[in-house]
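The primary structure of each chain is shown beneath.
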Amino acid sequence: MPKDILLDGNDLAIVGGDFAVGESSAQHQELLLLSNKGEWKENPMRGVGVIRFVETGDKTGLAREIASEFSRDGMKIAKIEINIPDVEIDAEYEY
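A brief look at the structure comes next. (Residues numbered from 1 in each chain as written. Predicted model: local features only at pLDDT ≥ 70, side-chain atom pairs only at ≥ 80, totals over all residues. Heavy atoms only, no water.)

### Some details on a nonpolar patch on the surface
Piece 1. A cluster of nonpolar side chains, namely Ile5, Leu7, Leu12, Ile14, Phe19, Val21, Leu31 and Trp40, defines an oily patch on the protein surface of about 690 Å² accessible area.
Piece 2. As for its placement among the helices and strands, Leu7 is situated in strand β2 (residues 7-8). (Patch = residues over 30% accessible without salt bridge, like charges linked within 9 Å, V, L, I, M, F, W, Y side chains within 5 Å. Areas by Shrake-Rupley, 256 points an atom, 1.4 Å probe, with all protein chains shown as cover. Salt bridge = Lys/Arg side-chain N within 4 Å of Asp/Glu carboxyl O. Helix = DSSP H or I, 4+ residues; strand = E, 2+ residues; numbered from the N terminus.)

What follows is the structure, encoded as structure tokens:
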């Protein structure tokens with residue numbers, strides 16, 4: 001399980017006056033889903049851009065993009081279920 005600095009919405013989570021650190025798999029998955037390509041300077045080709053697929057109703061394209069991005073990030077995907085606007089993913093990081 002990856003550990004990282006945690007977010008509280010769009011802000012850094014602070015606990016006891018310091019950055020909160022903890023298990024971050026769900027946070028990484030959410031960021032990958034919500035990010036559009038070009039938003040990460042260090043990795044401009046990363047991100048699913050889920051909103052674009054939800055707006056067009058493209059379930060197949062969304063499933064393909066999720067599988068590609070999650071695999072590239074080191075996750076093994078057990079299940080992707082898409083019933084727009086709901087998306088359910090069962091994926092874990094491989095070590």
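More follows now that the structure is in view.
### Quick notes on the pattern of salt bridges
Piece 1. Under the counting rule described, the total for this entry stands at seven salt bridges.
Piece 2. Among the ionic pairs, Asp73 bridges to Arg46, the shortest N-O distance being 3.7 Å. Highlighted residues: Asp73 in the loop between α3 (59-72) and β7 (75-83) and Arg46 in the loop between α1 (25-34) and α2 (50-56), separated in sequence by 27 residues.
Piece 3. Owing to a relative accessible area of 28%, Asp73 belongs among the partly exposed residues under this scheme. (Buried < 20%, exposed > 50% of the residue type's maximum accessible area, 1.4 Å probe, protein only.)

### Topic: α3
Piece 1. For α3, with 14 residues, the first-to-last C-alpha span of 20 Å sits near the 20 Å given by 1.5 Å per residue.
Piece 2. Restricting attention to buried positions, one finds in α3 the residues Gly61, Leu62, Glu65, Ile66, Glu69 and Phe70. Buried residues in α3, looked at end-on, bunch into an arc of 145°, giving them a common side. Facing away from the buried surface of α3 by more than 90 degrees, the exposed residues are Thr60 and Arg64.
Piece 3. If you follow the buried residues of α3, they end up packed against α1, α2, β7 and β8 (86-93).
Piece 4. Following α3 by one or two positions, Gly74 has its phi on the positive side, about 95°. (Expected span 1.5 Å × (residues − 1). Arc of directions from axis to C-beta. Contact = heavy atoms within 4.5 Å.)

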